[in-house]
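# Structure assessment
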Amino acid sequence: MNIAKLGISSAIKSTFNHKPTSKTTLTLSILETHLQKCQNLKQFTQILSQMIVTGFIKYNYASSRLLKSSTDLPFIHIDHSRKIFDNIENTSTFSWNTMMRGYLQRSYPKKAIFVYRLMVLNFVCPDKYTYPILVQASAIRLSEWEGKQLHDHVIKLGFDSDVYVQNTLIYMYGVCDNVGDARKVFDESPVLDSVSWNSMLAGYIQTGNLEEATIIYDRMPERNVIASNSMIVLLGRSGLVSEALQVFNGMDEKDLVSWTALISCYEQNGMYEEALLMFLQLNSDTRKIDEVVVVSVLSACTHLSAIKTGELIHGLALKIGIGCYINLQNVLIHMYSTCGDIMAAEQLFNVGYHLDQISWNSMISGYLKCGSVENARALFDSMPERDIVSWSAMISGYAQQDQFSETLALFQQMQLEEIRLDETTLVSVLSACTHLAAFDQGRWVHAYIRKNDLNINAILGTTLIDMYMKFGCVKSALEVFTGMEEKGVSSWNALILGLAMNGLVVRSLEMFSEMKKCGAVPNEITFVAVLGACRHMGLVDEGRHHFDSMTQKHSIEPNVKHYGCMVDLLGRAGLLKEAEKLIESMPMPPDTATWGALLGACKKHGDSEMGERVGRRLVELQPNHDGFHVLLSNIYASKGNWNDVLEVRKTMMKQSVVKTPGCSMIEANGVVHEFLAGDKTHPHIDEIGKMLDEIAERLKMLGYAPDTNEVSLDIDEEEKATTLLRHSEKLAIAFGLIAISPPTTIRIMKNLRICNDCHAVVKLISRSFNREIVVRDRHRFHHFKQGLCSCNEYW
């Protein structure tokens, strides 16, 4: 340490080596007067110089008093005090204690311990005031090992009966989460005072041990405000609101902390209205209000969307002069942005004097909640420092706004900056990988989770299961599920639905039975998955059984989605009249998806009369829905009613209804490629064209004939065959055969239902090229291998 930086002149540095030249002119009374009047370093240095020149520094009491003042005065650096201490002759135990206490007061607990070691080496005997200082130093450092050593010294020197020493030991063990040893010291103490009881209580409260804390609180000879406040806090954290209120009401004396603790208790337990009422009672009682209580009550306003009340409390905070406090500003930014007043949040942020990381993150989250992704990104890019919360908020924001490409781009930037990922961020990234068919990226994320030993909680585990299932990797999904320690209902739902979508219907229903055996309670989503499983294999009787069991066994009223599943199940099985009857019996208005399921079934089973009737009704209900127009057009085309087909097409043009083009995605070498039906824009379109020709030759040798019924156009058969050959999934598979080396599975994601012709073609390709191909359409997965499909021709 450069002493010159401490403001000590070179003349003073040499005073310790100066020999006394005159008789003592100082007395203890004069020294005391000078020290009491000392207001700056210059005055203190003059006192020190006079003591050295006169030789008064050699008097033990005088030097100890000077040292004590130097450690207490805030403008005297602790290193200056240490220099004084080192030059005192015949230092007493008081001087050593003073130096150790000085280090402790200036937040140098390690140096306090070091001074104690020197004290022992110099054979200076500690006293009962020494060990409380040292035990506190160990507590600050959370060094239980040091504390135990000091405890041994206390016992050996016989200070274990001193209540002050015992109290600091109880406190030290408590803050180090060793309530067992704290309780042992407590129980063995010959004398217990209020500090002993409060220290023991604080230890139990810190570790969340409600049972023991309650026992100590009930046994306390005298309960002070601090003890009762602590119990209110612990009871609130434990969700025991009525018990916390009982403690509050039983207090003879309440301070602001008492009120704040109860208001926070209400807020933490979702009793936001009660928190507001308690605050109003506090305010009407003209008690002093501080930042902590205002923050709690503003949080309650946020949850209640009570922005008007929040504005009034904001005004009160400004009136009493706490409006500029950073914690308060942050909770106000969060309240205004959450309640939709992004302009007010923005204004607070722009005028903030002491913005911190929470301020920036709150503002970014506010923009994202209001859908202002561009503003959030601009703020994110201008942040002086970004933490994991900033990155996670921005990545999650992109994912929630369905901007999945931006999600992955920002994730890659995060990796380049070597930011450690957390579970929340990874959930958003995996979701983006799933939507973009970025399987390689998704597998990399899972490998990252394993490598860094991250906790796969219920949410992250469910997201992984969902991703693997939607890429057709059932084995990997099952491995994730089996390895999860915490399985929520959503995890079971993802597994049941995923197995069914991948054609493993029997296994799916077995997992539903296993779920109930494990004590997990099925919910509405579970039964959507179970009925969906029955739908994928045409298990009509089993579907009826599960549908009826919802109300009879599980007290779950079926919603429109459950009815839609049943209509689809009956329709696919050809029970069209029963499906229509079920729609008519629904206790709620059927949605277009339910009618659409019946319309699709009519086309599948060739019931043109019902299909035409249902189709016209759907077109009237949703004139802008392209799918219903197309299905109705296809029904007309199947009957050869080309005039009606043209009429539907004219209606679509008149109402600006555009048919959603078939789109298929495939990932090759870490890059996702997208193909539209009839696409000619891909960079490798020439190679793809040659591969399509080769596919056509091989299929011809296998006896393939195009199913031209899938082309609802009044054109010749040759043109229909050419149109079929350019379907998006065929283009994607042709590219996959070029770009993906065997035996790697070719995985395709398609936005529409796979047509009969494409289904037949992919089966033959899997056989002819000896490749495993997985196609995920909008309804389910098709695992093609050696000319067979997992759907068993039922989709």
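Computed from a predicted structure; not experimentally measured.

Glancing now at the pairing of strand β2 (residues 671–676). Two elements, strand β1 (residues 663–668) and β2, share six bridges in a ladder whose sense is antiparallel. Counted as the bridge partner of M665 is E674 from β2. From the end of β1 to the start of β2, which pair antiparallel, there are two residues, and N669 there has a positive phi angle of about 55 degrees.

All right, on to helix α34 (residues 560–572) then. The end-to-end C-alpha separation of α34 is 18 Å, in line with the 18 Å expected for 13 residues at 1.5 Å each. Counting buried positions along α34 yields 11 of 13 residues, so the element is predominantly enclosed. Considered for burial, the residues of α34 that qualify are H562, Y563, G564, C565, M566, V567, D568, L569, L570, G571 and R572. Buried-residue contacts for α34 involve α32 (524–537), α33 (540–552), α35 (576–584) and α36 (592–605). Where α34 begins, the capping side chain belongs to N559, and its oxygen is found 2.9 Å from the backbone nitrogen of K561.

Evaluation of the coordinates by the stated rule reveals 17 aromatic pairs. Note on Y116 and Y131: the rings are 5.8 Å apart at their centroids and 70 degrees apart in plane angle, and the pair reads as edge-to-face. Pair noted here: Y116 is in helix α7 (residues 109–121) and Y131 is in helix α8 (residues 130–140), with a separation of 15 residues, a long-range link. Assigned by exposure class, Y116 and Y131 land together as buried. Their ring planes at 45 degrees and their centres at 4.8 Å tell us that F439 and F471 sit as a pair that is tilted. With F439 in helix α27 (residues 439–451) and F471 in the loop between α28 (458–470) and α29 (474–483), the pair connects residues that are 32 residues apart, well separated along the chain. Relative accessible area serves as the criterion here: at 4%, F471 is assigned to the buried category. Joined through ring pairs, the aromatic side chains of Y116, Y131 and F159 make up one cluster.

A word on the layout of surface pockets. Approximately 340 Å³ is the volume found for the second largest pocket. Lining the second largest pocket are 20 residues; nearest its centre among them are F439, D440, R443, T744 and T745. Mapped by element, the contributors of at least two residues to the lining of the second largest pocket are α27, β1 and β3 (746–750). Top element by residues in the lining of the second largest pocket is β1. It accounts for four residues. Partitioning the lining of the second largest pocket into residue classes produces 11 nonpolar, five polar and four charged.

Tracing the backbone shows L410 in helix α25 (residues 404–416). On the basis of relative accessibility, which here comes to 1%, the residue L410 falls in the buried class. Considering only alpha carbons, one finds L410 and M394, 16 residues apart in sequence, at a separation of 8.3 Å. Among all residues touching L410, those that are not within four sequence positions of it are R377, F380, W391, M394, I395 and Y398.

This brings us to the environment of N361. Within the element layout of this structure, N361 appears in helix α22 (residues 357–369). N361 gets classed as buried once you look at its relative accessible area, which sits at 8%. Each C-alpha atom, one on N361 and one on F527, is 39 Å from the other, the two residues being 166 residues apart in sequence. Those residues in contact with N361, other than ones at most four positions away along the chain, are M383, D387, V389 and S390. Among the polar contacts made by the side chain of N361, one reaches the side chain of D387 at a distance of 3.2 Å. A distance of 2.6 Å separates a polar atom in the side chain of N361 from a polar atom in the side chain of S390.

Looking now at the environment of G270. Within the secondary structure layout, G270 lies in the loop between α16 (256–268) and α17 (272–284). When its relative accessible area of 39% is taken as the criterion, G270 is described as partly exposed. Residues G270 and L304, 34 residues apart in the sequence, show an inter-C-alpha distance of 9.7 Å.

Parameters and conventions
- Residues numbered from 1 in each chain as written.
- Predicted model: local features only at pLDDT ≥ 70, side-chain atom pairs only at ≥ 80, totals over all residues.
- Heavy atoms only, no water.
- Pairing = 2+ DSSP bridges.
- Helix = DSSP H or I, 4+ residues; strand = E, 2+ residues; numbered from the N terminus.
- Expected span 1.5 Å × (residues − 1).
- Buried < 20%, exposed > 50% of the residue type's maximum accessible area, 1.4 Å probe, protein only.
- Contact = heavy atoms within 4.5 Å.
- Polar contact = N/O pair within 3.5 Å; in protein donor to acceptor, adjacent residues only side chain to side chain.
- Phe/Tyr/Trp six-rings, centres within 6.5 Å; stacked < 30°, edge-to-face > 60°.
- 1 Å grid on protein atoms, 1.4 Å probe; cavity = no way out; pocket = protein on both sides within 12 Å on 5 of 7 lines; lining within 4 Å.
- Points joined across faces, edges and corners; volume = space filled by probe spheres on them.
- Nonpolar A, V, L, I, M, F, W, Y, C, P; charged D, E, K, R; others polar.

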